[in-house]
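# Results of the structural survey
Chain by chain, the residues:
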Amino acid sequence: MIIEDAAVAGQERRAGGYYLLSLRSPKLAALARPGQFLHVRLPAPADTLLRRPFSIFQAAEGEVRILYKPVGRGTHSMTALQAGDVLSVIGPLGNGFPPPAPGVHPVLVAGGYGMAALYLLAASAPRPGTAFFGGAGAADILCVPEFEALGWKVIIATEDGSLGARGRVTTPLDAWLSASARPRPIEFFACGPNGMLKAVAERAAAAGARAWVSMDRSMGCGVGACLTCVQRVRAPNGEAVWARVCKEGPVFEAGSVVWEEIE
Ligand SMILES: Cc1cc2nc3c(=O)[nH]c(=O)nc-3n(C[C@H](O)[C@H](O)[C@H](O)COP(=O)(O)OP(=O)(O)OC[C@H]3O[C@@H](n4cnc5c(N)ncnc54)[C@H](O)[C@@H]3O)c2cc1C
Ligand code: FES
């Protein structure tokens, strides 16, 4: 983990109201692992004590990139960043995704920025698998060309039916899981809204497959000190214990999460 003042290498607007922010940092790019995140100090005028977490989308050629959507004061202030501006960043943080187990067909399930959070895993997997992307409409489906360029099969669902199957991402996922000719064994890797993660955990349990989920929690310090981000998980002895999403997570084995407490 390092703290760095990283220069903005560039920023561009992407589909769906997202922004792609590139930061020049050979050290962060070399250290970044799939599923880890950066904790970013907001630029003025929104500069507050609390940083904001963003998954590392890409790390290459001395740059780290994040794909973010302006949703509030902090992320709106980031949209004004230009090449040459400097941003204080802590990272890479958290326990990310493990590599797919040998011989499994990896299955990615993503909603929202989860598509960006899973890219490094897709790029480093020993062989491409199947990715299920879901969103409210076509504009919410991100990074499809990037995943297809890596050889992944991308299957899309949108709630308004404007792209792919109509419905939630579980609609095509359930159809795929029940097809007798699908690849076996499989392992799930998921990032998105908590309801979607819970649905993936249920399907993984039913299919007898392992699943890894990246949990989204509001964060304070980002480094394990403030306990803002806690989530209950089961210890190996079955006891429910508190885990810090920023430190022990954000990625957890789905079977260890106490889902009953998540809406
Ligand atoms: C590990 C992790 C990785 C993340 N990666 C990304 C990413 O790659 N791209 C991206 O766009 N966002 C990502 N987020 C969410 C991002 O951190 C929030 O959108 C951001 O902190 C909002 O800051 P703000 O000041 O703009 O909004 P605020 O003013 O703090 O909040 C504005 C609105 O956004 C909601 N909000 C705040 N934080 C979150 C959150 N964590 N999740 C969902 N809603 C939130 C609030 O409830 C409120 O409705 C990630 C969050 C976590 C925990
Ligand atoms: S954000 Fe402070 S402990 Fe996780």
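Given the structure is predicted, the values throughout are model-derived calculations rather than measurements.

Cut-offs used in this document
- Residues numbered from 1 in each chain as written.
- Chains lettered and ligands numbered in written order.
- Predicted model: local features only at pLDDT ≥ 70, side-chain atom pairs only at ≥ 80, totals over all residues.
- Helix = DSSP H or I, 4+ residues; strand = E, 2+ residues; numbered from the N terminus.
- Rg over C-alpha atoms; globule rule 2.2 N^0.38 Å.
- Buried ≥ 20, exposed ≤ 12 C-beta atoms within 10 Å, placed from the backbone.
- Contact = placed C-beta atoms within 7 Å.
- Pairing = 2+ DSSP bridges.
- Axes fitted to C-alpha atoms, helices over the stretch in contact; angles between N-to-C directions.
- Near = placed C-beta within 6 Å.
- Nonpolar A, V, L, I, M, F, W, Y, C, P; charged D, E, K, R; others polar.
- Domains from an automatic or database assignment.
- Expected span 1.5 Å × (residues − 1).

### Structural notes on the overall build of the protein
From N to C terminus, the protein includes seven helices and 16 strands. For the protein, the C-alpha radius of gyration of 18 Å lies close to 18 Å, the compact-globule estimate for 263 residues. Principal-axis analysis of the C-alpha atoms places the extent of the protein at approximately 55 × 45 × 35 Å. Taken over 263 residues, the protein has a buried fraction of 43%. Sequence separation of 24 or more characterises 61% of the internal contacts of the protein that already satisfy a separation of 6 or more.

### Topic: the pairing of strand β6 (residues 63-68)
Where burial is concerned, most of β6 is hidden: five out of the six residues are buried. As paired elements, strand β2 (residues 19-24) and β6 share six bridges and run antiparallel to each other. Bridge assignment links leucine 20 to a residue of β6, and that residue is leucine 67. Pairing between strand β5 (residues 58-60) and β6: three bridges, direction antiparallel. When the bridges of β6 are listed, alanine 60 appears paired with glutamate 63. Taken together, β5 and the strand that follows it, β6, pair antiparallel across an intervening segment of two residues, in which glutamate 61 is found at a positive phi of about 50 degrees.

### A closer look at the sheet that holds strand β1 (residues 2-13)
Strand order in this open sheet of seven strands is β4-β3-β7-β1-β2-β6-β5, and the pairing throughout is antiparallel. Both outer strands of the open sheet, β4 (52-55) and β5, are each paired with one neighbouring strand and no more. Averaged over all adjacent pairs, the angle separating strand axes in this sheet is 35 degrees, with direction ignored. With six bridges connecting them, β1 and strand β7 (residues 86-93) associate as antiparallel partners. Within the sheet, the bridge partner assigned to alanine 6 lies in β7 and is leucine 87.

### Examining the sheet that holds strand β11 (residues 165-166)
Pairing in this open sheet of seven strands is mixed, and the strands run β11-β10-β9-β8-β12-β13-β16 from one edge to the other. Among the strands making up the open sheet, the edge pair consists of β11 and β16 (251-253). In the sheet, strand β8 (residues 105-111) pairs with strand β12 (residues 186-191) via six bridges, with the strands oriented parallel. The partner of valine 109 across the bridge, within β12, is alanine 190. Strand contacts of helix α6 (residues 170-178): β8, β9 (130-135), β10 (153-158) and β11, with the helix running at about 135 degrees to β10, the strand carrying the most contacts. Packed onto the sheet, helix α7 (residues 194-207) meets β8, β12 and β13 (210-214) and runs at close to 170 degrees relative to β13.

### Focus: the site of ligand 1
Close to ligand 1 lie 22 residues; Tyr68, Gly72, Gly74, Thr75 and Tyr113 are nearest. Among the elements of the structure, β4, β6, α2 (73-78) and α3 (114-117) are those that each provide at least two residues to the shell around ligand 1. The element contributing the most residues to the shell around ligand 1 is β4, with four residues. Partitioning the shell around ligand 1 into residue classes produces 12 nonpolar, five polar and five charged. If you count residues domain by domain, the shell around ligand 1 takes at least three from each of domain 1 (2-93) and domain 2 (105-261).

### A closer look at the domain arrangement of the protein
Quite often, the size of an interface is put as the accessible area lost when its parts meet. When its domains are assigned, the protein resolves into domain 1 (2-93) and domain 2 (105-261). Inter-centroid distance (C-alpha atoms) of domain 1 to domain 2 is 22 Å. Between domain 1 and domain 2, the residue contacts involve 21 residues of the former and 18 residues of the latter. Among the residues forming the side of domain 1 that touches domain 2, the class breakdown is 14 nonpolar, five polar and two charged.

### Points about α7
The end-to-end C-alpha distance of α7 is 20 Å, a good match for the 20 Å that 14 residues give at a rise of 1.5 Å each. Inspection of α7 places Met196, Leu197, Ala199, Val200, Ala201, Arg203 and Ala204 among the buried residues, and these make up the whole buried set. Looking at the buried residues of α7, the elements they touch are β8, α6, β12 and β13. Looking one or two residues past α7, glycine 208 carries a phi angle of roughly 65 degrees, positive in sign.

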